[in-house]
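Remarks on the overall topology
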Amino acid sequence: MNLKYNLEFDICGIIIHIVLLVILNSLYSKSENNQLFKRFLFISLISGIFDVISAITISYSTRLPVYVNLFTNTVYFVSAACTAYKMYLYIYTCVDFKPRFDIFASHLVLFVYFILLAANCFTGIIFNFAGGTYNAGPLYLLNYLVPFFYFLHFTYLLVFKSELFSEKQKILHSFIIILPVAAIIIQIIYPKNLLTFFAYAIFSVIMLFSLETPDFEELEYLRKNLENEVERQTATANERREKIQTMSMEIVEALADAIDAKDSYTNGHSLRVAKYSVLLAESLGWHGEQLDILKRCALLHDVGKIGIPDSILQKPMKLSDEEFAVIKNHTVTGSKILKNISSLPEASLAAKYHHECYDGTGYPEGLQGKNIPDYARIISIADAFDAMNTKRIYRDKLCREEIRRRLAEGSGTQFDPDLMEKFLMIMDMNLI
């Protein structure tokens, strides 16, 4: 027996196991899988310790009572079998394939082997110390019954049930099968050079630090749960935002109705202007948030009329210059009312400038061309169309041909020519 050779490999394996147990206890969570893996490492460590003890007692077998060697070697073989069994239980948790026959067979193999080890203490059929030396009995190869059963079983799973494993699991479990089997084969050929326990230590390192270790599986589980939680919270936030947006739009529409209600002849005007404005913007390729902002601006464009006396707003005759100046001032009043809405700064600009003319002759500031905000130029056209298309206190609504003619005449002077071209196209297609 090469005692020094055995001790070097076994002590290295013991040190590796102790380090792995410390890492598992210190850095890894106490999940069920991790606890199962820790129990595997602990029993494997016991096996390694008794491997060392049995190697020492065998080296001094002529000086020690036979029962001491029988005890140390029997404990070693029991712990080695339990190590293989615990490894089997741990790896089995990685796949969703657990027929009852497998569980029954795994327990049966372990039970039969323990019975044989107990019988060996009286018969020496597996190993004995006749003549004061360690001897292999006629059934010595049964020592490898338990590990070979589990390794062959996992080989079967990898070959015939490969769909149960991910690619990384296939690579990991192939190493778990190959390393101990190779060590056992070497040990069978060279029985004095024991590498089995060291092989366990090597693939334990692979199991712990690979992506398929229990902690990483738990992290993957947590990651998926986190993704699900993020999706759930995002969905909740989106639902809440949609409710707020709906409520906000309802408030804006209610305010627009309140404004229009001041004059029965213009009732519904703001809603229609918003509708026409959105149709024009859609023809320009606007979408999403742009359309939403435009709709709100259009609904609120006449909010300044709240400050106009009913006597002026509903006057059936031509307005005086002073009265018309009051009417014109609704743009400035509306801008002041809306300027504090920080979430919709466009509304203040649209209210203020929707009566500006493209040639600079409009009010309140005489802006010209593209200096007039986009929202105001769009609303200006929709506002003019609805004014001509509805009955007012001082006139009936105009016919469609007359409305089109007046709008076309205003292109380039009162209205943005590019926008008006699109609007007339919409009219000709009977979309309005």
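We now turn to the structure provided with this report. (Residues numbered from 1 in each chain as written. Predicted model: local features only at pLDDT ≥ 70, side-chain atom pairs only at ≥ 80, totals over all residues. Heavy atoms only, no water.)

1. Description of the overall build of the protein
Broken down by element type, the protein carries 17 helices and two strands. Counting all 432 residues of the protein, 44% fall into the buried class. Contacts in the protein between residues far apart in sequence, at least 24 positions, make up 66% of those at least 6 positions apart. (Helix = DSSP H or I, 4+ residues; strand = E, 2+ residues; numbered from the N terminus. Buried < 20%, exposed > 50% of the residue type's maximum accessible area, 1.4 Å probe, protein only. Contact = heavy atoms within 4.5 Å.)

2. Some points on a nonpolar patch on the surface
Judged by side-chain polarity, Phe 104, Leu 108, Phe 111, Val 112, Ile 115 and Leu 145 come together as a nonpolar surface patch covering roughly 550 Å² of accessible area. Sort the elements by how many residues they give to the nonpolar patch and helix α4 (residues 100-123) lands first, with five residues. The exposure class of Phe 111 is exposed, given its relative accessible area of 53%. (Patch = residues over 30% accessible without salt bridge, like charges linked within 9 Å, V, L, I, M, F, W, Y side chains within 5 Å. Areas by Shrake-Rupley, 256 points an atom, 1.4 Å probe, with all protein chains shown as cover. Salt bridge = Lys/Arg side-chain N within 4 Å of Asp/Glu carboxyl O.)

3. Observations concerning the pattern of salt bridges
Within the structure shown, the criterion is met by twelve salt bridges. The partner of Arg 296 in a salt bridge is Asp 292, and the shortest N-O contact between them spans 3.0 Å. Taken together, the residues Arg 296 and Asp 292, both in helix α10 (residues 289-299) and four residues apart, mark about one turn of the helix. For Asp 292, a relative accessible area of 28% puts it in the partly exposed group. A salt bridge links Glu 402 to Arg 406, with the shortest nitrogen-to-oxygen separation between them at 2.8 Å. Separated by four residues within a single helix, Glu 402 and Arg 406 lie in helix α16 (residues 400-410), roughly one turn from each other. Accessibility expressed as a relative area gives 39% for Arg 406, which makes it partly exposed. In this structure, a network of salt bridges that share partners links the residues Lys 370, Asp 374, Arg 377, Asp 416 and Asp 418.

4. Focus on the nonpolar core
Grouped together as the largest cluster of nonpolar side chains are 42 residues, with contacts concentrated most on Leu 407 and Phe 423. The element that contributes the greatest number of residues to this core is helix α15 (residues 374-389), accounting for eight residues. Among all residues touching Leu 407, those that are not within four sequence positions of it are Ala 384, Phe 385, Met 388, Phe 415, Met 420, Phe 423, Leu 424 and Met 427. With 37 residues, the next largest nonpolar core counts Phe 40, Tyr 113, Leu 116 and Leu 157 among its residues. (Core = buried A, V, L, I, M, F, W, Y, C linked by side-chain atoms within 4.5 Å.)

5. Brief notes about the packing of aromatic side chains
Under the definition given, this model contains ten aromatic pairs. A ring pair is formed by Tyr 113 and Phe 114, whose centres lie 6.5 Å apart and whose planes are at 40 degrees; its orientation type is tilted. Given a relative accessible area of 1%, Tyr 113 falls into the buried group. Between Phe 324 and Tyr 363, the aromatic rings sit 6.5 Å apart at their centres with planes inclined by 80 degrees, giving edge-to-face as the arrangement. Of this pair, Phe 324 sits in helix α12 (residues 321-328) while Tyr 363 sits in the loop between α14 (345-353) and α15, placing them 39 residues apart in sequence. (Phe/Tyr/Trp six-rings, centres within 6.5 Å; stacked < 30°, edge-to-face > 60°.)

6. Side note on the packing of α16 against helix α17 (residues 417-428)
Viewed as axis vectors pointing N to C, α16 and α17 meet at an angle of 165 degrees, and their least axial separation amounts to 10 Å. Accordingly, the angle class assigned to the pair α16 and α17 is roughly antiparallel. In this structure, the crossing between α16 and α17 has a hand that is left-handed. Between α16 and α17, the residues in contact are Arg 400, Ile 403, Arg 404, Leu 407 and Ala 408 and Met 420, Phe 423, Leu 424, Met 427 and Asp 428, respectively. Its residues placed into classes, the contact of α16 with α17 shows seven nonpolar, no polar and three charged. (Axes fitted to C-alpha atoms, helices over the stretch in contact; angles between N-to-C directions. Parallel < 35°, antiparallel > 145°, perpendicular 65-115°, else oblique. Left-handed = near helix turned anticlockwise from the far one by under 90°. Nonpolar A, V, L, I, M, F, W, Y, C, P; charged D, E, K, R; others polar.)

7. Some remarks on the side chain of Ser 79
Mapped onto the elements, Ser 79 comes out in helix α3 (residues 66-92). According to the relative accessible area criterion, Ser 79 is buried, its value standing at 7%. At 2.8 Å, the side chain of Ser 79 forms a polar contact with the backbone oxygen of Tyr 76. Beyond its immediate sequence surroundings of up to four residues, Ser 79 is in contact with Ile 43, Ile 46 and Ser 47. (Polar contact = N/O pair within 3.5 Å; in protein donor to acceptor, adjacent residues only side chain to side chain.)

8. Comments concerning unusual backbone geometry
The omega angle of the peptide bond from Tyr 363 to Pro 364 is 15 degrees, so this bond is cis rather than trans. Topologically, Pro 364 is positioned in the loop between α14 and α15. Even without glycine at this site, Asn 430 takes up a positive phi of about 60 degrees. By the element assignment, Asn 430 lies in the segment after α17. According to the relative accessible area criterion, Asn 430 is exposed, its value standing at 59%.

9. Re the environment of Gly 410
Along the chain, Gly 410 turns up in helix α16. Accessibility expressed as a relative area gives 8% for Gly 410, which makes it buried. The sequence separation of Gly 410 and Met 420 amounts to ten residues, and the corresponding C-alpha distance is 8.7 Å.

10. Examining the packing of helix α9 (residues 269-283) against α10
In contact at an axis separation of 8 Å, α9 and α10 are set at 150 degrees when each is read in the N-to-C sense. By the angle between their directions, the pair α9 and α10 is classed as roughly antiparallel. The chirality of how α9 crosses α10 is right-handed. Here Ser 270, Leu 271, Val 273, Ala 274, Ser 277, Val 278, Ala 281 and Glu 282 of α9 come into contact with α10, specifically with Leu 291, Leu 294, Lys 295, Ala 298 and Leu 299. In terms of residue class, the contact of α9 with α10 is made up of nine nonpolar, two polar and two charged.

11. With respect to the environment of Lys 86
For Lys 86, the location among the structural elements is in helix α3. Residue classification places Lys 86 among the buried positions, given a relative accessible area of 18%. Lys 86 sits 49 residues away from Phe 37 along the chain, and the two C-alpha atoms are 7.9 Å apart. Excluding residues that lie within four positions of it along the chain, Lys 86 makes contacts with Arg 39, Phe 40 and Ile 43.

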